[in-house]
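Here's the letter readout for the chains.
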Amino acid sequence: MDVRLSGYGAASTAPSHFNRMMADFAHTFRDGVDINLGVGYVNEKTIPVDLFHTALRAVSSDTGTYRQAFNYGGAAGSPNLVRALRGFLARRQSPLPDRYRIAIGPCGATSILDALTDLLPTGIVVTADPNYYIYSDTLERKGFRFVAVPEDTEGPCLAALDRKISELGDEAERISFFYFVTVNNPSCTILSNARRRALLDAAAAISQKQNRRIPVFYDLAYELLLHDPAGVPFRSVLPEDPLGVAYEIGTLSKVLAPALRIGYLAGPAGELMTAMVQKTADTGFSAPLFVQDMAAYLLDHHIEAQLAAVNAGYREKALAVSAAIHSELGPHLEELRGGSAGFYFYPTFRDTRTEPGSKFFERLSNPADPAQPRVIYIPGQYCVHPRGDIAEKGLRQLRLSYGFEETGRIVDAIRLMRQAL
Ligand SMILES: Cc1ncc(COP(=O)(O)O)c(C=O)c1O
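Within each chain, residue numbers correspond to sequence positions counted from 1 in written order. Local features in a predicted model are, by the rule used here, given only for residues with pLDDT of at least 70; side-chain atom pairs are given and counted only at 80 or more, and totals for whole chains, interfaces and linings are based on all residues. As a rule here, side-chain values cover all heavy atoms of the structure and leave hydrogens and water aside.

Take unusual backbone geometry next. In this structure, the amide linkage connecting Asp129 to the following residue, Pro130, adopts the cis form with an omega of 5°. In this structure, the amide linkage connecting Asn185 to the following residue, Pro186, adopts the cis form with an omega of 25°. Here the phi dihedral of Cys188 falls at roughly 60°; this positive angle occurs in a residue that is not glycine. Secondary structure elements follow DSSP: runs of H or I no shorter than four residues count as helices, runs of E no shorter than two count as strands, and numbering proceeds from the N terminus. Residue position: Cys188 is located in the loop between strand 6 (175–181) and helix 8 (193–210).

Listed below in structure tokens is the structure:
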């Protein structure tokens, strides 16, 4: 006798291709031998464990500021953390307008992204191509469809966006929301400030036409990791959004520690923010309160030095890995993205396929010589829309992370890629 599952439950019984691939690799992974360029893990050296000791002591001893930090928290988030985030955002760029709210998710930015699938109508999500494959997989299992807009060097291409929206015809009524990652995962393409603004204008125009507010979510996951000194500082569109359709999703995972599971939604006070807080209550009351308060303490006292240290580390790695990619893989490259922010490179080969089953993938993940390190990466096939404009190109792409592994090992892996090519 089978358990009767919902559509989502049934769709979740089989692990996604990507999860299966990573599980297969992890199963036989040999520490110190095999090289994992696939995981989105941060570099362990960037995690400030000593500061966490200091923060926990501060939170547990100052019971006036950090009230009942080991009890249940309110669903809107720790008042200390909301205040600290506002202060941090004001120091980095413009203060969040007073009428804007911040809601802390129960479990990182991922829980905010997941909540959107319950709070907004099941329909069409307009996003970039390639896109954040983990979230697209969630959306797909929950019955959403995509309009995937190929990106150029500044982000999703406006002409393609216009064309794709007009091709929707009456179906455009089914657009549920827009979702853009400001340092895209997988490509680490930086969304320029002009494009960010233009995407908001496009969404506002469609909202006006349909006489409803269609939200635009900017996922800032890697925005704090702009490590290229030539990079232009990011500019939020929240203060200049008269229609109130723009929202930002942030996380402390990449700059403090993923295990904190602190993510937030910032946006205009209104029904969506109120519903998000209720959803947090439904999911788990709140993120652990003492962890939120530790994050508040760190944002108040240590975040600027931490950001400088983290970015110096990724800058050094980006330069060394970029040099290795150019010298080892140069003649095979059609295009290379990444290297200025975040911690992924995203090469496109001229004519070598990268998907599981391709000679390149198999030779790296299952070398004939068992003494040779096995190398894993994220094939572009999992990141592009399977029926989108760049589906073929995706078969020649890969995401290579320089976050987790140390530089010497990444360079070793790139040499093995050259041999495989
Ligand atoms: C684009 C993007 N959004 C969100 C997340 C998840 O963030 P969190 O750890 O806060 O759940 C990631 C993690 O890799 C990401 O790449």
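Attention now goes to the packing of aromatic side chains. For any pair of aromatic rings, the description rests on two quantities: the centre-to-centre distance and the angle between the ring planes. Between 30 and 60 degrees the pair is tilted, below 30 it is stacked and above 60 it is edge-to-face, where a pair is any two Phe, Tyr or Trp rings, Trp via its six-membered ring, whose centres lie within 6.5 Å. Taken as a whole and assessed by the stated rule, the structure comprises 18 aromatic pairs. Geometrically, the ring pair formed by Phe178 and Phe180 is tilted, given 6.3 Å between the ring centres and 40° between the ring planes. Each member of the pair, Phe178 as well as Phe180, carries the same accessibility label: buried. Following the ring pairs from residue to residue traces out a cluster consisting of Phe144, Phe177, Phe217 and Tyr247. If you follow Lys142 out to its NZ or CZ, it ends over the ring of Tyr8, 4.7 Å from the centre. A cation over a ring is seen here: Arg196 above Tyr218, with NZ or CZ 5.4 Å from the ring centre. Only protein chains enter the accessibility calculation, which uses a 1.4 Å probe. A residue is then buried if its area is under 20% of the maximum for its type, exposed if over 50%, and partly exposed in between. We count a charge as sitting over a ring when the NZ of a lysine or the CZ of an arginine lies within 6 Å of the ring centre and within 35 degrees of the ring normal.

So, about the site of the ligand. Nearness here has a simple test: a residue counts as near a molecule or strand if at least one of its heavy atoms is within 4 Å of that partner. Among the 13 residues in the neighbourhood of the ligand, the closest are listed as Thr110, Asp219, Thr251, Ser253 and Lys254. Here a polar contact is recorded for every N or O atom pair within 3.5 Å, except that within protein the pair must consist of a potential hydrogen donor and a potential acceptor, and residues adjacent in sequence are included only if both atoms are side-chain atoms. A distance of 2.8 Å is found between an oxygen atom of the ligand and a side-chain nitrogen or oxygen belonging to Tyr222. Between the ligand and Ser253 there is a distance of 2.6 Å, counted from an oxygen atom to a side-chain nitrogen or oxygen. Using a 1.4 Å probe, accessible areas were evaluated by the Shrake-Rupley method; residue-level cover was limited to the displayed protein chains. Burial of the ligand by the protein chains amounts to 92% of its free accessible area of 400 Å². Top element by residues in the shell around the ligand is helix 5 (residues 108–119). It accounts for three residues. Residues that form the shell around the ligand fall into these classes: five nonpolar, five polar and three charged. Residue polarity follows a fixed list, in which Ala, Val, Leu, Ile, Met, Phe, Trp, Tyr, Cys and Pro are nonpolar, Asp, Glu, Lys and Arg are charged, and the others, Gly among them, are polar.

With that settled, consider the environment of Val33. Note that Val33 resides in the loop between helix 2 (17–27) and strand 1 (35–36). For the pair formed by Val33 and Asn211, sequence separation is 178 residues and the distance between their alpha carbons is 58 Å. Once you skip the residues sitting within four places of it in the chain, Val33 turns out to touch Pro373 and Arg409. Two residues form a contact once any of their heavy atoms are found within 4.5 Å.

Attention shifts here to the domain arrangement of the protein chain. Where each domain begins and ends follows an automated or database-derived domain assignment. On domain assignment, one finds that the protein chain holds domain 1 (7–47 + 306–420) and domain 2 (64–302). Averaged C-alpha coordinates put domain 1 and domain 2 at centres separated by 26 Å. Counted as salt bridges are all cases of a side-chain nitrogen of Lys or Arg within 4 Å of a carboxyl oxygen of Asp or Glu. The salt bridge partner of Glu151 is Arg337, with a shortest N-O separation of 3.5 Å. In terms of residue class, the side of domain 1 that touches domain 2 is built from 19 nonpolar, 13 polar and four charged.

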